[in-house]
Every structure is written in structure tokens, then in C-alpha cells.
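Here's the letter readout for the chains.
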Amino acid sequence: MRVLLLGGTAEARQLAARLADAGIPAVSSLAGRVRNPRLPVGEVRIGGFGGADGLAAYLRDGGFDAVLDATHPFAAAITRNAAQACGMLGVPLIAVRRPAWSAQPGDDWIPATDIAAAAALVRDWPGRTVFLTTGRRDLAVFAGDVRHRYIVRAVDPPEGPVPADMTLILDRGPYDLAGETAILIEHGAGLLVTKNSGGGLTAAKLAAARSLGLPVIMVARPPLPAGVVAEADVDAALRRLLDAADQGADEASASDG
Ligand code: NAP
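The paragraphs below set out a description of the structure included in this document. (Residues numbered from 1 in each chain as written. Predicted model: local features only at pLDDT ≥ 70, side-chain atom pairs only at ≥ 80, totals over all residues. Heavy atoms only, no water.)

**Quick notes on the side chain of K205**
- Within the secondary structure, K205 is located in helix α6 (residues 204–212).
- In this structure, K205 is buried with no salt-bridge partner, the nearest side chain bearing the opposite charge being E180 at 6.0 Å.
- What K205 contacts, discounting residues up to four positions off in sequence, is W101, T133, R153, E180, L192 and T194. (Helix = DSSP H or I, 4+ residues; strand = E, 2+ residues; numbered from the N terminus. Buried < 20%, exposed > 50% of the residue type's maximum accessible area, 1.4 Å probe, protein only. Lys, Arg positive; Asp, Glu negative; His and termini not counted. Salt bridge = Lys/Arg side-chain N within 4 Å of Asp/Glu carboxyl O. Contact = heavy atoms within 4.5 Å.)

In C-alpha cells:
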């Protein structure tokens, strides 16, 4: 079996290592958004495919038997394309999505359906300084807000429109409670804005906000495309991949015999 692994996450790098250990041929695919990406082990390709049709052609031409979608929970377009392309070709698609964060006692979360809704909530917030961790590519919707001071953390510098009053922190995590608390205190932030990415690598900011009694605007995940069922972790995704491979082998031997 040959696997295309859609990546850009820690889970994808873990999967690449596990596939290599198991001797399963795989190609990891990255979008090419980050200047110096953390590369997975094994073969890597970088850049878009050209939509669902382009991805389907890539899968067909490369002789791939399965797709593992370990992209970020907010990377909705590539997951939609993968669902379409795999549907067209009858190739199994196995998605892995770390569970979303959920509010704990002491949290003061304000739900936002998407980034635009989060920006509208910030505009109405009476405080001054906002810690914004939604990523450099989602900055444009905050750019027109001249009333607030934004502390923006991103992996690479933003390229499009940004808020007029912005302090940029370039970092890629993982982060810890002491560091996150220090950022909030040092910059006098009264509000945290985050996507509900889930997972442990970037969760410390939530504990920091809780301990300081700060509100958090929590942007909800986009829904998975109809018919895509995600596994919660790398082990479960690998089990499903191996089940799909066994099923494929059974079907091939049934049609041979
Ligand atoms: P997106 O909106 O779902 O995708 C936009 C386009 O980028 C896709 O249509 C596809 O182009 C290309 N693309 C995305 N992921 C790709 C991949 N793994 N391999 C090849 N092409 C890919 O995705 P995004 O939100 O821009 O995220 C881009 C990448 O960064 C993803 O791989 C994701 O795992 C990672 N990431 C995203 C976030 C986030 O907050 N969105 C956070 C951390 C990491 P074509 O249509 O031309 O194929």
C-alpha cells in the first residue's frame, strides 16, 4: 500500500515516523505556508495540488491506495478537496483530528463561529489590549480596528493588512504556562483570542487566561465535510489505515479468485 499523508501538524509528523517504522511507503504533503517547516521523516512534497481535481490526478498518477488527512482542524479547504478526490477515485480517506478544547471551571469563554465573528466581538470589547493567536493569515479581519492594541503571535511575519497598533511575537511553540502568563502580564492583555485547535502544544495559554481571570474568545472549528469521520489520535488513524489495507487486499483476492 502507498499512502499520501496530508500534513502540517505534529500528528502528521508522528504518522510519517510510524509509517516509516512499519515499512509502509508514504509521501508527506505540506502546503508550503511556513518558511522553515518542521519536516517529517521520509519523502516530502510541498505546495498545493490545484483543487480536488488536481489532488485526484496526483493520487491516480502516483498510484496511492489511501489518504491520511492529518491537517490542522482549521484547514478546511484541503480536507474538503481530499474528501472529494478520494470520493471520485474510491480511495479510502482516514482523517485524524485531535479533540477540541472544552471549557473548564474558571474559564470565561466567549464562543465565536468563525474568525470574522471573533473580530466583531473584539471590536465591541471595552478593554484595550488583545492577545491574538489565530495566525498571521487571519489578521486581515482585525486590521480595520484602530481602537485596540493587538499582541499578535505567529510563526512567520504577516504579509497582508494588519491592525494599526500591533506588537508581533514570532514563535512556533510549544508553549508553557509560565511563558504564556508572562506574555499576558507583560503586555497588559485583557483578552485572549484563539482558534479551538485542541491538543497540548498550545493549550497553556488557556490555563494562563484562566489563572488571570481573563476572557477568551474561542473560535469554533469548521465542520468536517459530510461523510468524513475523523479519528481522535494517531494510533486510531493507523488502525483504520491497516483495516482499510486488509479490506483492499481481501477485495483484490476475491476478484482474482
Ligand atoms: P486550507 O485553507 O485548507 O488549504 C488551502 C489550500 O492550500 C488548499 O486548497 C491546498 O491547495 C493547499 N494545501 C493545504 N494543505 C495542504 C497540504 N497539506 N498539502 C498540499 N497542499 C495543501 O489550509 P490552510 O489553513 O491554509 O493550512 C495550510 C497548511 O497549514 C495545512 O497543511 C495545515 O495542516 C497547516 N496548518 C494550518 C493551520 C491553520 O490554522 N489553518 C495551523 C497550523 C498548521 P490546492 O487547492 O492548490 O491543492
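**So, the packing of aromatic side chains**
- Scanning all chains against the criterion turns up three aromatic pairs.
- Ring centres of F49 and Y58 lie 5.1 Å apart, and the angle between their planes is 55°; on these two criteria the pair is classed as tilted.
- What makes F49 buried here is its relative accessible area of 15%.
- With a centroid separation of 5.4 Å and 20° between ring planes, the pair formed by Y58 and F64 is classed as stacked.
- For F64, a relative accessible area of 6% puts it in the buried group.
- Three or more aromatic residues joined by ring pairs form one cluster here, namely F49, Y58 and F64. (Phe/Tyr/Trp six-rings, centres within 6.5 Å; stacked < 30°, edge-to-face > 60°.)

**So, the packing of helix α5 (residues 177–186) against α6**
- Contact pair α5 / α6: the axes reach a minimum separation of 8 Å and the direction vectors enclose 55°. The orientation of α5 with respect to α6, classified from their angle, is oblique. α6 is crossed by α5, and the crossing has right-handed handedness. Residues L177, E180, T181, L184 and I185 of α5 form the contact with α6, whose participating residues are A204, K205, A207, A208, A209 and L212. (Axes fitted to C-alpha atoms, helices over the stretch in contact; angles between N-to-C directions. Parallel < 35°, antiparallel > 145°, perpendicular 65-115°, else oblique. Left-handed = near helix turned anticlockwise from the far one by under 90°.)

**Brief notes about unusual backbone geometry**
- The omega torsion across G173 and P174 is 0°, close enough to zero to call that bond cis.
- By the secondary structure assignment, P174 is in the loop between β9 (166–170) and α5.

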